[in-house]
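Here are the chains, one letter per residue:
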Amino acid sequence: WWGHAVGGKRHQDLYADLFFTGKTVAFAGEQVPGLGMNIVRYNVGGGGNGEAPGAVTERAPDIQPWHRDINGYWVDPALADPASAGWDWNRDAGQRAMLAAAIARGADKVEFFSNAPMWWMMDSRSSAGGNLLDSRRGDFAVYLATVVAHAATRWNIRVDTVSPFNEPSAGWWNYPKNQEGCNIPREAQLEVIRRLRGELDKRQLQRVGITASDENSMAAALGTYDWIKTQAAGDKSPACSASTLINKVNVHSYNGLAPWTDNSKREELRAAVGGKRLWASEFGNPDPTGMVLARTIIDDINFLRPSAWIYWQALEPSSAWGLVNGNYAKDAADMDNGSPRKVQNTYYCMAQFTRFIRPGYEILGSDDRNSIIAYDPRRRGLVVLALNQGPARQITIDFSGFQSSTPSAAVTTSDARGTRRLSRSVLPVANRRVTLSAEPDSIHSVVIDGVTR
């Protein structure tokens, strides 16, 4: 949504620098350190733009804001050739521009995902809620594979994985919704996955992996994946589990919100997935303090153990669902869309993670569920992310199991009140221990250099 809103417009580079570099960026009257994110999930839209192929017309709901209405590329189902007039590759220029800007700044993981198929593949004749028609399951697979292939050959974008579903088992994607969504039961998911693998291979895209199923909860993800494991990969390989068609499992982290916090299901899902890659692919919430965000990341890392953690909307026009806020005009074409408005406290809490736990770091075990322990083998650096939800207390970090002669540790702190935002300090190291005076409702990133295992 946010890429669609600001990509190709006046503030595009501002947001690309803010989210995908470590630069300090002037934003809404503040000098804000960049987040340095390295993953982009591109939303392959399913919306229309007034077309009416045959006798079918789109039912676009009035309640859907313009920035959530992502136009799809396959405009006429009668014309499957992507070089024909049935496809319009000029659509969604804003989101594509932001995708390119992120890649230019170092984003090195690209996933294409779908919130809903093309509107004419839905029983509601809208991508804003409804069900995928049984007769269109094959078309949906063709659509996604064709967009991925076009991205590679025409946009010079290397797509690593494609995720065809978004909360498909939730049951709440009923027309009219104020965003794209589609109910897709497990049996239909499996058919789409089988067909999608075939369509990707047909286009010489064997290296592009399939991700599933981006369920809303850990329990739903576990149920779907366990069921898929019991199914055959296809008629020609009945002895092979359909789970072999899935290269990576995605799950959303809304179980991090009370009262639905479910760390046991996090652990069960990790066990079910085994050594396969697992991403926490979506989370957001309206808490402006950042404490819920920090709690969720720490629980996910310690119990779910994903190899990536992804925030849903880094920019929103208002509310703490966005890490920052920018003004959205009534007109999608307004070049000033996204003009800086506010930095939410959640931004700085997110930066406590993204600026200190970088790609390639190894996550170590911890006996404290309020902390994440990470190790950078190249720089021989130990990083401890410590969350203190509650009154002030002393936290002792004991790394006596490591070899180190470093005399001090660098500490960066943000708190729920916003009185400290990435504030820096130094603590002495004594007997390979650091004692941190944790302030009320705060998060601390402690970096200890020169540590060997």
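What counts, and where the lines are drawn
Residues numbered from 1 in each chain as written. Predicted model: local features only at pLDDT ≥ 70, side-chain atom pairs only at ≥ 80, totals over all residues. Heavy atoms only, no water. Pairing = 2+ DSSP bridges. Helix = DSSP H or I, 4+ residues; strand = E, 2+ residues; numbered from the N terminus. Buried < 20%, exposed > 50% of the residue type's maximum accessible area, 1.4 Å probe, protein only. Contact = heavy atoms within 4.5 Å. Polar contact = N/O pair within 3.5 Å; in protein donor to acceptor, adjacent residues only side chain to side chain. 1 Å grid on protein atoms, 1.4 Å probe; cavity = no way out; pocket = protein on both sides within 12 Å on 5 of 7 lines; lining within 4 Å. Points joined across faces, edges and corners; volume = space filled by probe spheres on them. Nonpolar A, V, L, I, M, F, W, Y, C, P; charged D, E, K, R; others polar. Expected span 1.5 Å × (residues − 1). Phe/Tyr/Trp six-rings, centres within 6.5 Å; stacked < 30°, edge-to-face > 60°. Lys NZ or Arg CZ within 6 Å of the ring centre and 35° of its normal.

Undergrad: Sorry if this is basic, but what is going on with the sheet that holds strand β6 (residues 161-163) here?
TA: Ordered in space as β3-β4-β6-β8-β9-β10-β11, the seven strands form an open sheet in which the pairing is parallel. Of all the strands in the sheet, just β3 (39-43) and β11 (308-309) have a single pairing partner and so form its edges. Note that β3 and strand β4 (residues 109-113) share five bridges and pair parallel. The residue bridging I39 from the neighbouring strand is K109, located in β4.

Undergrad: What should I look at first to understand the environment of W309 in this one?
TA: Structurally, the position occupied by W309 is in strand β11. A relative accessible area of 15% places W309 in the buried class. Along the primary structure W309 and L278 are separated by 31 residues, whereas in three dimensions their C-alpha atoms are 9.5 Å apart. Dropping the residues within four chain positions of it, W309 is found in contact with S253, A280, F283, L293, T296, I297, D300 and M350. Of the polar contacts made by the side chain of W309, one reaches the side chain of D300; its length is 2.8 Å.

Undergrad: Got a minute to help me understand the layout of surface pockets in this structure?
TA: Gaps between atoms show up when a probe of the same size as a water molecule is rolled over them. Taken as a whole, the largest pocket holds about 1,200 Å³ of empty space. If one sorts the elements of the lining of the largest pocket by residue count, β3 sits on top with five residues. Taken together, the residues of the lining of the largest pocket sort by class into 30 nonpolar, 13 polar and six charged. Here the second largest pocket defines a volume of roughly 300 Å³. Lining the second largest pocket are 19 residues; nearest its centre among them are W1, W173, Q179, E282 and W312. Grouping the amino acids of the lining of the second largest pocket by side-chain chemistry returns six nonpolar, seven polar and six charged.

Undergrad: Looking at this model, I keep getting lost on helix α8 (residues 291-304). Mind explaining?
TA: Side chains three or four residues apart in an α-helix point the same way, a direct result of the helix having 3.6 residues per turn. Its 14 residues place the ends of α8 19 Å apart at the C-alpha level, agreeing with the 20 Å of an ideal helix rising 1.5 Å per residue. Here α8 lies mainly inside the structure; 12 of its 14 residues are buried. Within α8, burial applies to M291, L293, A294, R295, T296, I297, I298, D299, D300, I301, F303 and L304. Count one or two residues on from α8 and you reach R305, which has phi positive near 55°.

Undergrad: It is not clear to me how the environment of Y254 should be interpreted in this structure. Could you clarify?
TA: Along the chain, Y254 falls in the loop between β9 (248-252) and α7 (263-273). Along the primary structure Y254 and T296 are separated by 42 residues, whereas in three dimensions their C-alpha atoms are 8.3 Å apart. Discounting residues that sit within four places of it in the chain, Y254 has contacts with E167, N216, E282, F283, G284, W312 and W321. Only 2.7 Å separates the side chain of Y254 from the side chain of E282, close enough to count as a polar contact.

Undergrad: Would you mind showing me how to read the side chain of E111 here?
TA: Relative to the helices and strands, E111 is located in strand β4. Reaching out from E111, the side chain makes a polar contact with the side chain of R41 at a distance of 2.8 Å. Leave out the neighbours within four places in its chain, and E111 touches V40, R41, Y42, T161, S163, T211, K248, N250 and W279.

Undergrad: Got a minute to help me understand the packing of aromatic side chains in this structure?
TA: The relation between two aromatic rings is expressed through the spacing of the ring centres and the mutual angle of the planes. Taken as a whole, this structure holds 18 aromatic pairs when the rule is applied. Ring plane angle 70° and centroid distance 5.7 Å describe the contact between Y15 and F27, whose orientation is recorded as edge-to-face. A residue pair is termed long-range when its members are at least 10 positions apart, and Y15 in helix α2 (residues 12-20) and F27 in strand β1 (residues 24-27) qualify at 12 residues. Centre to centre, the rings of Y254 and F283 are 5.7 Å apart; their planes meet at 35°, and the pair counts as tilted. Remark: F283 occurs in the loop between β10 (277-282) and α8 and Y254 occurs in the loop between β9 and α7; sequence separation between them is 29 residues. By relative accessible area, which is 13% here, Y254 ends up buried. Taking the relative accessible area as the measure of exposure, F283 reaches 0% and is therefore buried. An aromatic cluster of at least three residues, connected via ring pairs, comprises Y73, W74, W87, W89, W120, Y143 and W155. Here the basic side chain of R41 rests over the ring of F113, its NZ or CZ set 4.3 Å away from the ring centre.

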